[in-house]
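# Commentary on secondary and tertiary structure
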Amino acid sequence: MARYFQPEIETASREKILEIQNEKIVKQVKHVYENVEYYRNLMDEKGVKPEDIKSVDDIKKLPFLTKADLREAYPYGLLGTDIKNCVRIQSTSGTTGKRVVAFYTQHDIDIWEECCARAIVAVGGTEEDVCQVCYGYGLFTGGPGLNGGSHKVGCLTLPMSSGNTDRQIQFMMDLGSTIICCTPSYAAYIGETLAEKGYKPEDNKLKAGIFGAEPWTEEMRRNIEKSLGIKAYDIYGLTETSGPGVSFECEEQTGMHINEDHFYAEIIDPDTGEVLPEGSKGELVFTSLDKEGFPLLRYRTRDICVLSREKCSCGRTHVKMSKPMGRSDDMLIIRGVNVFPSQIETVLLNEGYTPNYQIVVDRVNNSDTLDINVELTPEQFSDKVSDTQERERKLEGAMRTMLGIGPKVHLLPPKSVVRSEGKAVRVIDNRKLHD
Ligand code: ADP
Ligand code: ZN
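Those protein atoms acting as donors to the zinc ion (ligand 2) are Cys250 (SG), His257 (NE2), Cys312 (SG) and Cys314 (SG), and they sit at 2.1 to 2.3 Å. The sequence motif formed by the donor residues of the zinc ion (ligand 2) is C-x6-H-x54-C-x1-C. Linking His257 in strand 9 (residues 256-258) with Cys312 in the loop between strand 12 (299-308) and strand 13 (320-321), this pair joins segments that are 55 residues apart in sequence. Neither residue differs from the other here; His257 and Cys312 are each classed as buried.

Structure (structure tokens):
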């Protein structure tokens, strides 16, 4: 039976959620207008006054914020309250450029940790659980967010941080961890290392994993579930809105419930900025309804997904977002064709390969090249050159069907692709070097 961390709000009626959102947005916009000069200027330029925002329906009148704004306003330009009220900063991993710094009051941290606690309870977490947090700690939000959530649930928390995989496994086995939190790529690596050490999936006490911070496919989910002998759940978030826990998967594993009492979500057309009707695929935009330290309104995440209000069997009423399959700026344009790294991952795992791969894009004689380096398992590894070539051709064919363009596949010996302990770097785009 489904359990909730905050049942009243997690299962509240649509009307109730709207009532909460409407009340919060009016206050929040007024507060931001009065306290954040940078955003006040944007609102003035657009001719919008706080009085124009009477409910969440009016949010579409507000100007957008983008990563470029955050960089321009760095470090204090979007601070929502006095520094004396703030107790912490966190920072983005800088996956796509200069880091962004976000500020938190104690109230912001409490809410963030509650959101993470909702995620842990949704995967079956209780105070009986031993929760191993192997997201990075420090500036990155993954470790601190899940750590706080785990405390709020009352789990015995193992603040491992990422890396030192031998120690992760030793603690997991010795202390009987039941829940593990890390990036999906690190989970796959831990699963692989467990097998190498001779452990079977049933040898560990894990029951669930909470994986996020990077895109991962359904095929990757199955790979991890098999290698660790668990159910693998998705969690989503970004530093700009707090961190992990903006949304999380429930037992249904069909998308992540957005914590709508704190975040208002819109889907827009990334080219025109127009708000799209429910069920459309587009760029996710968040308005934080009650953050004090870093109260971003209409922040463009660049993450592409779909929202759904279909009834969920878990009893939660909050809107669900589909897995973002990469940011709009992760998309590679190769010889004019749009290619998402996740499509490549899907083909690889479906064809029986491991998630140890790297994508290399380059430009030779003014034409784009796409090379995919794929590692073989020791079992797949064969000294017979003809076998390898045949496998490569077959994989190239499967890729061409999925992507619409033909890559060059290189099958490599075991352990040739570097493993990830945090967010995996899957793409090396050398074209940027020539620009
Ligand atoms: P950076 O932008 O430097 O990576 P963050 O650490 O704040 O900074 O990462 C937030 C981003 O990570 C999101 O905008 C999204 O692109 C990605 N992300 C987070 N969780 C998920 C998830 N569950 N699935 C896919 N992508 C995710
Ligand atoms: Zn649900």
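On we go from here.
So, on to the packing of helix 7 (residues 165-175) against helix 8 (residues 184-196). Contact geometry of helix 7 with helix 8 gives a least axis separation of 10 Å together with a crossing angle of 75 degrees. Viewed along their axes, helix 7 and helix 8 adopt a mutual orientation that is roughly perpendicular. Residues Thr165, Gln168, Ile169, Met172 and Met173 of helix 7 lie in contact with helix 8, whose contacting residues are Tyr186, Tyr189, Ile190, Thr193 and Leu194. Here the residues of the contact of helix 7 with helix 8 are counted per class, giving seven nonpolar, three polar and no charged.

Within the sequence span of helix 7, burial applies to Thr165, Gln168, Ile169 and Met172. Projection of helix 7 onto a plane perpendicular to its axis shows the buried side chains occupying an angular sector of 95 degrees, all on one side. On its buried face, helix 7 sits against strand 3 (130-133), strand 5 (179-182) and helix 8. One or two steps after helix 7, the chain reaches Gly176, where phi turns positive at roughly 70 degrees.

What follows deals with the packing of aromatic side chains. Scanning all chains against the criterion turns up eight aromatic pairs. Their ring planes at 25 degrees and their centres at 5.2 Å tell us that Tyr104 and Trp112 sit as a pair that is stacked. The two residues Tyr104 and Trp112 agree in class, both being buried. Members of the aromatic cluster, each reached through a chain of ring pairs, are Tyr76, Phe103 and Phe294. Of note, Arg300 hangs over the ring of Phe64, and the distance from its end group to the ring centre comes to 5.5 Å.

Here we take up the sheet that holds strand 5. Taking strand neighbours across the sheet as the criterion, the eleven strands line up as 4-3-5-6-7-8-9-13-12-11-10 in an open arrangement whose pairing is mixed. Strand pairing shows two members of the sheet lacking a second neighbour, strand 4 (156-159) and strand 10 (263-268), which therefore form its edges. Against the sheet, helix 9 (residues 218-228) makes contact with strand 6 (208-212), strand 7 (231-237) and strand 8 (244-249), and its axis sits at roughly 130 degrees relative to strand 7, the strand it touches most.

Definitions and cut-offs
- Residues numbered from 1 in each chain as written.
- Chains lettered and ligands numbered in written order.
- Predicted model: local features only at pLDDT ≥ 70, side-chain atom pairs only at ≥ 80, totals over all residues.
- Heavy atoms only, no water.
- Donors = N, O, S within 2.8 Å, 3.2 Å for Na, K, Ca; no water.
- Helix = DSSP H or I, 4+ residues; strand = E, 2+ residues; numbered from the N terminus.
- Buried < 20%, exposed > 50% of the residue type's maximum accessible area, 1.4 Å probe, protein only.
- Axes fitted to C-alpha atoms, helices over the stretch in contact; angles between N-to-C directions.
- Parallel < 35°, antiparallel > 145°, perpendicular 65-115°, else oblique.
- Contact = heavy atoms within 4.5 Å.
- Nonpolar A, V, L, I, M, F, W, Y, C, P; charged D, E, K, R; others polar.
- Arc of directions from axis to C-beta.
- Phe/Tyr/Trp six-rings, centres within 6.5 Å; stacked < 30°, edge-to-face > 60°.
- Lys NZ or Arg CZ within 6 Å of the ring centre and 35° of its normal.
- Pairing = 2+ DSSP bridges.

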